[in-house]
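# Summary of the model geometry
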Amino acid sequence: MEKTSRKKKKTVTRRAFLQGLGGGAAGAALATRIRGQAAGSGQAEAPLPAAYTRKTINFTVNGKQVSAEVEPRETLLEVLRDQLKLAGTKRTCDRGECGGCTVLVDGQAMYSCLFPAVRANGRQVVTVEGLAEGEALHPVQQAFIEKDAYQCGYCMPGFIMASVALLNQNPNPSLGQIKAGLSGNLCRCGNYVKIYEAVAAASQKMRKS
Amino acid sequence: MKNFQWTEPQTIEQALAMLTKVNGKAVLMAGGTDLFTEIKEGVVEPDLVIDLRSIPGLASIQKDDKGVRIGALATVASIASDALIKQDLSGLSEAAGSLATPQLRNIGTLGGNLCQRPRCWYYRDAQMVCRKKGGSQCFAAKGRNKYHAIFGGGICHIVYPSDLAPMLIALDAQIAISSPRGERSLPLGEFYALPAKNVRRENVLAGDEIVREVRIPPAKKGTRSAYVKLKERETWDFALVSAAVRGIGSGGGLDDVAIVLGGVAPIPWRLGKTEAALKGKKISEALLKEALSADLQEARPLEENAYKLDLVRAAVGRALGNLTRA
Amino acid sequence: MKKTAYLETARGAKPQGKETPAAAPAEFKIIGQPTPRVDGKLVVTGRAVYTHDVYFKDMLFAKILRSPHASAEVTAVDLTAAQGLSGVMAAVKLKEGRVKYEGEQVAAVAAVSERIAEDALKLIKVEYRTLPFVVTPEKAMAEGAPRVHDSANLEKINEYSRGSVDQGFAEAEVTFERTYRTAIEIHQPVETHASVAKWDGDELTVWDSTQAIFNVRDGLAEALGIPETKVRVIKMYMGGGFGSKLDVNEHTIVAAGLARQTGRPVKITLTRKENSLCVGNRPSTQITIKGGAKKDGTLTALSLKNITCGGTDRGDEASEPLIDIYKCPNVKVEEFTVFTNTGAGRATRAPGHVQGTFALEGFMEELATELGLDPLEFRRKNYTTSNQGGTGIVYSSKGLDKCYDIGAQRIDWTRRNKKPGEGQGKRRRGLGMASQIWWGGGVPGTLADIKLHRDGSVEAISGTQDLGCGTRTFMAIITAETLGLEPKDITIKIGDTVYPWAPISGGSLTAPSVGPAIRDAALKAADYLREMAAKKLSVPAADIVLAGGKLFAKSKPDTSIAFKDLVKGMRREAVFHGERGPMPAGFAYNTFGAHFAEVEVDTETGRISVIKVVAVHEVGRILNRLTAESQVVGGITQGISTALFEERVIDENTGKMVNPNLQNYKIATSMDMPEIVPIFVDLVDPRINNLGNKGLGEPPRIPPSAAVANAVYNAVGVHLREIPMTPDKVLRALQSKEAGS
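Report follows, based on the coordinates. Once a new chain begins, its residue numbering starts again from 1 and follows that chain's sequence as written. For this description, chains carry letters from A and ligands carry numbers from 1, given in the order in which they are written. Per-residue local features are limited, in this predicted model, to residues with pLDDT of at least 70; the limit for side-chain atom pairs, both in listing and counting, is 80 or more; totals at the level of whole chains, interfaces and linings are taken over all residues. Hydrogens and water are ignored here; the side-chain numbers use all heavy atoms of the structure.

## A few points about the overall build of chain A
A tally of helices and strands in chain A yields six helices and six strands. Numbering of helices and strands runs from the N terminus, with a helix taken as a DSSP run of H or I at least four residues long and a strand as a DSSP run of E at least two residues long. Tracing chain A from N to C terminus, the helices and strands come up as α-β-β-β-α-β-β-β-α-α-α-α. Residues classed as buried in chain A amount to 57% of the 209 residues present. Sequence separation of 24 or more characterises 53% of the internal contacts of chain A that already satisfy a separation of 6 or more. The Shrake-Rupley method, run with a 1.4 Å probe, gives the accessible areas here. Residue values count only the displayed protein chains as cover. Accessible surface, chain A: about 8500 Å² in total, of which carbon and sulfur atoms supply 48%. Per-residue accessibility, obtained with a 1.4 Å probe over protein chains only, is compared with the maximum for each type, and a residue is labelled buried under 20%, exposed over 50%, and partly exposed between these values. Two residues qualify as a contact provided that any one of their heavy atoms is within 4.5 Å of a heavy atom in the partner residue.

## Details of the interface of chain B and chain A
Listed as interface residues are 46 residues of chain B and, on the opposing side, 49 residues of chain A. Salt bridges, as used here, are contacts in which a Lys or Arg side-chain nitrogen is within 4 Å of a carboxyl oxygen on Asp or Glu. In this assembly, chain B and chain A are joined by four salt bridges. Close ionic contact of E8(B) with K55(A) constitutes a salt bridge, the shortest N to O distance being 3.1 Å. N or O atoms closer than or at 3.5 Å make up a polar contact, with two conditions inside protein: a donor-capable atom paired with an acceptor-capable one, and, for residues adjacent in sequence, both atoms drawn from side chains. Here chain B and chain A share 18 residue pairs in polar contact (both at pLDDT 80 or more) between them. Among the elements of the structure, β1 (5–7), α1 (12–21), α2 (35–41), β3 (48–51), α3 (76–81) and α6 (102–107) of chain B are those that each provide at least two residues to the side of chain B that touches chain A. The residue inventory of the side of chain B that touches chain A, partitioned by class, reads 19 nonpolar, 17 polar and 10 charged. Strand pairing is assigned whenever DSSP detects at least two bridges linking the two strands. Judged from the two bridges that link them, strand β1 (residues 51–52) of chain A and β1(B) form a sheet pairing that is antiparallel. Bridge pairing in β1(B) links Y52(A) to W6(B). Polar here means any residue other than Ala, Val, Leu, Ile, Met, Phe, Trp, Tyr, Cys and Pro, which are nonpolar, and Asp, Glu, Lys and Arg, which are charged; Gly is therefore polar.

## Considerations on the sheet that holds strand β2 (residues 26–29) of chain B
Spatial ordering of the open sheet is given by β1(A)-β1(B)-β3(B)-β2(B), a layout of four strands whose pairing is mixed. Looking at which strands have only one partner, the edges of the open sheet turn out to be β1 of chain A together with β2 of chain B. To get an axis, a line is fitted to the C-alpha atoms, and for a helix only the part in contact is used. The angle between two axes follows their N-to-C directions and goes from 0 to 180 degrees. The sheet strands contacting α1(B) are β1 of chain A together with β1, β2 and β3 of chain B, and the helix crosses β3(B) at an angle near 170°.

## Here we look at the nonpolar core
Buried together is how nonpolar side chains tend to be arranged in soluble globular proteins. To qualify as a nonpolar core, a set must consist of buried Ala, Val, Leu, Ile, Met, Phe, Trp, Tyr and Cys residues joined through side-chain atoms within 4.5 Å. With 289 residues, the main nonpolar core has F144(A), L92(B), L164(B) and M725(C) as its most contacted residues. Top element by residues in this core is helix α11 (residues 307–324) of chain B. It accounts for 10 residues. Once residues within four sequence positions are removed from consideration, M725(C) is found in contact with I608(C), A643(C), L644(C), V708(C), A709(C), V712(C), L720(C) and V730(C). One finds I478(C), L529(C), A534(C) and A574(C) within the second-largest nonpolar core, a separate group that totals 48 residues.

## Looking at helix α2 (residues 76–83) of chain A
By the criterion of burial, α2(A) is predominantly enclosed, with six of the eight residues buried. Of all the positions in α2(A), only L76(A), L77(A), E78(A), V79(A), L80(A) and R81(A) are classed as buried. Looking at the buried side of α2(A), the elements it contacts are β2 (55–61), β3 (64–70), β4 (102–105) and β6 (124–126) of chain A together with α4 (114–123) of chain C. In the segment just after α2(A), K85(A) is the residue with positive phi, at about 60°.

## Quick notes on the packing of aromatic side chains
The rule is short: rings of Phe, Tyr and Trp, with Trp giving its six-membered ring, pair when the centres are within 6.5 Å, and they are stacked under 30 degrees, edge-to-face over 60, tilted in between. Considering all chains together, one arrives at 18 aromatic pairs over all chains under this definition. Whether a charge sits over a ring depends on NZ of Lys or CZ of Arg being within 6 Å of the ring centre and within 35 degrees of the ring normal. One Lys or Arg, R37(C), reaches over the ring of Y150(A) and ends 5.1 Å from the middle of that ring. It is R472(C) that lies over the ring of Y237(C); its NZ or CZ is 3.9 Å from the centre.

## Topic: empty space enclosed by the protein
Cavity and pocket criteria rest on a 1 Å grid covering protein atoms alone: a 1.4 Å probe that fits but cannot get out defines a cavity, protein on both sides within 12 Å along at least 5 of 7 lines defines an open pocket, and an atom within 4 Å of a point defines a lining residue. Grid points are joined across faces, edges and corners, and a volume is the space filled by probe spheres set on the points. Counting across every chain of the model gives 13 cavities of 30 Å³ or more. Estimated volume of the largest cavity: approximately 530 Å³. Taken together, 39 residues form the lining of the largest cavity, with C469(C), S508(C), Q631(C), L696(C) and G697(C) sitting closest to its centre. For the lining of the largest cavity, a count of residues per class yields 16 nonpolar, 19 polar and four charged. In this model, the second largest cavity occupies a volume close to 280 Å³. In terms of lining residues, the second largest cavity is bounded by 23 residues, among which R119(B), Y147(B), V159(B), F238(B) and A239(B) are the most central. Along the lines of polarity and charge, the residues of the lining of the second largest cavity split into 11 nonpolar, seven polar and five charged.

## Side note on the interface of chain A and chain C
At the junction of the two partners, chain A supplies 45 residues and chain C supplies 55 residues. Summed over both partners, the interface of chain A with chain C buries about 4100 Å², with 55% contributed by carbon and sulfur atoms. The interface formed by chain A and chain C holds seven salt bridges in total. Put simply, R91(A) and E114(C) hold a salt bridge, and the shortest N to O gap is 2.6 Å. Viewed at the interface, chain C and chain A are joined by 30 residue pairs in polar contact (both at pLDDT 80 or more). Elements represented by at least two residues in the side of chain A that touches chain C include exactly α2, α3 (139–146), α4 (156–169), α5 (175–181) and α6 (192–208) of chain A. Residues belonging to the side of chain A that touches chain C are distributed by class as follows: 20 nonpolar, eight polar and 17 charged. Once two parts are put together, the accessible area they lose, assessed with a 1.4 Å probe and summed over both, is termed the buried area.

## Structural notes on the packing of helix α15 (residues 471–483) of chain C against helix α16 (residues 510–537) of chain C
Working note: a packed helix pair is described by the angle between its axes plus the distance between those axes. Residue and element names in this part refer to chain C. Direction vectors running N to C along α15 and α16 enclose 25°, while the axes themselves pass 9 Å from each other. By the angle between their axes, α15 is roughly parallel relative to α16. The handedness of the crossing between α15 and α16 is right-handed. Between α15, through T471, F474, M475, I478, T479, T482 and L483, and α16, the contact on the second element is made entirely by T510, A511, V514, G515, I518, R519, A522, L523, A525, A526 and L529. Partitioned by chemical class, the residues of the contact of α15 with α16 number 12 nonpolar, five polar and one charged. Reported orientations rely on four angle classes, namely roughly parallel under 35 degrees, roughly antiparallel over 145, roughly perpendicular from 65 to 115, and oblique for the rest. Rotating anticlockwise by less than a right angle from the far helix to the near helix defines a left-handed crossing, while the corresponding clockwise rotation defines a right-handed one.

## A closer look at the environment of C189(A)
Residues and elements named next belong to chain A. Considering the arrangement of structural elements, one finds C189 in the loop between α5 and α6. C189 sits in the buried class, given a relative accessible area of 6%. As for C189 and Q151, which are separated by 38 residues in sequence, their C-alpha atoms are 6.4 Å apart.

## Things to note about the pairing of strand β9 (residues 194–200) of chain C
Residues and elements named next belong to chain C. For β9, a buried count of five out of seven residues is recorded, marking the element as mostly surrounded by other parts of the structure. For β9 and strand β12 (residues 266–269), the ladder comprises four bridges, and the chain directions are antiparallel. Note on β12: the bridge partner recorded for A194 is T269. One ladder, built from six bridges, connects β9 with strand β10 (residues 203–208); its direction is antiparallel. Among the inter-strand pairings, S195 is bridged to a residue of β10, identified as D208. In this antiparallel pair of consecutive strands, β9 and β10, the connection spans two residues, and G201 shows a positive phi of 65°.

By themselves, these are just geometric observations and shouldn't be taken as functional.
See below:
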């Protein structure tokens, strides 16, 4: 877990500034450039950052480089499902109140429904579709089948991603730690105790290999 | 929801400049877990969202001789897991860990948590134009108010939902604020303001100010802290009542006690009279009941929330108990 | 769907005829074992297609504008601005006149994107003349209350009596009366309601997140005025229903209409707020039970009065458990519904029984204490092997006594406080239990097909639904068992109205309906294969066994032929039609269970923690132990959730729901779970169908709230009598106990 300042992944170049200005076809950029001192000098007349209503973002999903044109009001969830046609991640409450849309962003579990797509730029996103290697399932996926962790299955992508994040961080969690690690995911069919068993089994398998 | 413009300032100065440019319809987004839900519900309809996460250097947790400094963009998860904070400011670690869910803690920030808007279900419904949104009534006053305030109400009965705020106040934290006029800092306890002062806001942040960091001064030797959060469900829920306490154990009693409540008032609620009554005394159940009575007498429960008085007693008792435990 | 029709389906068709179905073998190899779901890979890789995931290139997105008022007259709907928005393909008015609850549909649009559809809704101008409303049963029953419909707000919906309660109470040595309350519960399936409608000429195909494809098909045909033969409904995967998806929804009809109008596929998905407001709920109840008993615990009289509230529709009848479970010659029941200007009630996992059991089992617990008897012994004292409280017909199979024995032993019933609340300390523990009854026979006439292909592949086909109960898997299990194959060899085809008819997946109907139908078809297929093999192997057909992918003679195991080789010789693919036969008349077909709960109550914070639940169920033969355990686990989770957290909260001043979301409509989380021990009494019903199995969907949902409430009573000595038992209620109850009231 990161403890200190998050390193900014990419520095903003002049080119990016200008890209922001241009925006997409539908964009109307509010870009007021006040020429003054060089940027970063901290003085009041530094150029203002561009503001845009559309942006092309570049990021990786499940190891693949992708590009998408997004509006600021779009969420990562919408981009995944509607633009990239990765329907595995589900929209379940759209308010960060149920965990069904959980994905990994730079290794951390997040609600994609509350993650502005524009922030995905430069990030590594992993969804449930990205866990298996060909036909070989991730140990968490395998355990979820063997222990009957799901019923209707709709909350499963979220739980699977949260479980992967948990086990990546804590490879040998106690029952209490499993419960806490999954405390941001709701299962309405009510299969929690089965999910714990599956996560425990997966952690055992992952530690052996 | 309406579309909005998005901008990624690289410095606080740039962010401040954008804030003033768009005449009151620009908002600052840190983690976004609170703001984005407000936007989705139509409670807030900004023209411009200023992305604070694009500013480097605001997310650090550092210790120097002036104390611990936590940047406004530090995630709640990073605060909860920080070894230093766990050791020296255990109550803060508890407060951060008790908040929301793992996924929300991964994105949510200190600044966002301290500046969040209330969770009153009337406030969060765009169709209910209450006083806080410029209307002329408080729907909670004679409505469904089991989660609402027992102190400090009057024209508006929200409770301040933050877990970090009461704990940081109990730790004597200062909040550092940047504006075009420079830097200022004030005790976090003075950052929050009752509805009577300005029902439209929960804090004294001006329209052209940004929270930069929080500073916790070095504590006296032997200081301990604890946070107890009482909820309905064991996760996700905001506090029904929470108690943030700080004190120094000495010969069975507690010195330098600070007790700040969450979930009971529009601002984090300090129990000054209780603190005074406990000073230096050995804490017993009977003493605590007596000590709390003066503060609790000021409570003005609504139709459905008198139970919070019992929860205050329980939360404070347990939090103080945690302080004196080995 | 009318609630009464649902209950009739759940009860199953009236048993008829004398036919005894094929006796089920005592030993199965696969049936009864734990078998992982055959479609697991699809689900865990995110490739399973739910209705929300259905996508067509030229698809439009529909959204519905809903009344923000609890009661109003729609006086004008102006669609012009909405229609003028670029990307909007259609806009329709849905309502003229009265709207009777917040969330009732008023208008709809179809647009090229969901965003544009949402923007278009904001442009629709509706004029409402708001009217007086009532949103609580109390206000609705008060003198001069505004009427929800044209008739009175209070309506009698059920009455029943046997014997004479007056006489029964006169005979009683102890008489006791208590009132219990349950709140409105919202289904909140994780997949909100969704449909996609697509026309091909005059034929309509609808993908729907539904538990009832045939109901949806027939409902659409009726609503659109077209023949049922022109409608096809498909359900691939669905994310939960719990009763909220048992018939055609209004929004599905809207989508179909918009698709017809625009000539393009139309998808409609509901938001979480819409799911909270307007697709149904479990009606609330206020149940007063009066009971009379002898000092030795023999019941002499039971009466029940229920006032239930289902919003604009009728509430739930909740008296069945009281009428049925315990031996009692004198019973009287009166049930009333109260209308309010709130979303209509709808079948919710074990409608009426959950509420009725909460009341009945709480009452039995309290009456036992009054009598100075152990609550479990009190229930055993009034045990009966015939229904209607011992006055009716004999149960075909009833293992409730074994449920009591096993459950009591597993939780260690001796640990309970002999006197409720006799423990010490701030955190008090207690044990409580509750009995459960439900129907379980399924629906005779259910059809299913098995197809054998010449390349060795096998299909098991049924127009049933799998909402997570493991239907696909038990179909594979039964087919594989009967044909000597493995479950993975069977291709499962379900969820399409072109397939053979099956009932709704609700009412715990699926396993006892579809299972026997598949078994029937599989037995026919097995006979056919035996005949073919007999010729090939020159042994009598009766001598042939299907196992391990082969057919061989029992007397000469070395003489065998592989299944794959045998079917190569077929002239064409072979289809076998199965039907679930009738149940013999003269018997009652029910399922039984007992839950034993241990709780800890924090008397300072009012917080209840459930420590352990031992759940013992008797549902005849278990088809798949693995998925059956999940059913039990799920039912208990939901029961705990409603016992402790769930409640629809309405603001009386505005008539609006204040918690139409998952933050404040609180569902149990992973941190709220106890240890759960699911146990099955293996008691195969000898006559119910060719498998001896009964339905399991609802039984585990029925007793947990009651068991938890009874455990709380045992822990602190006060019975809360109302769910959800939130901290504020617990603290109030403890205080009034202390005050001696």
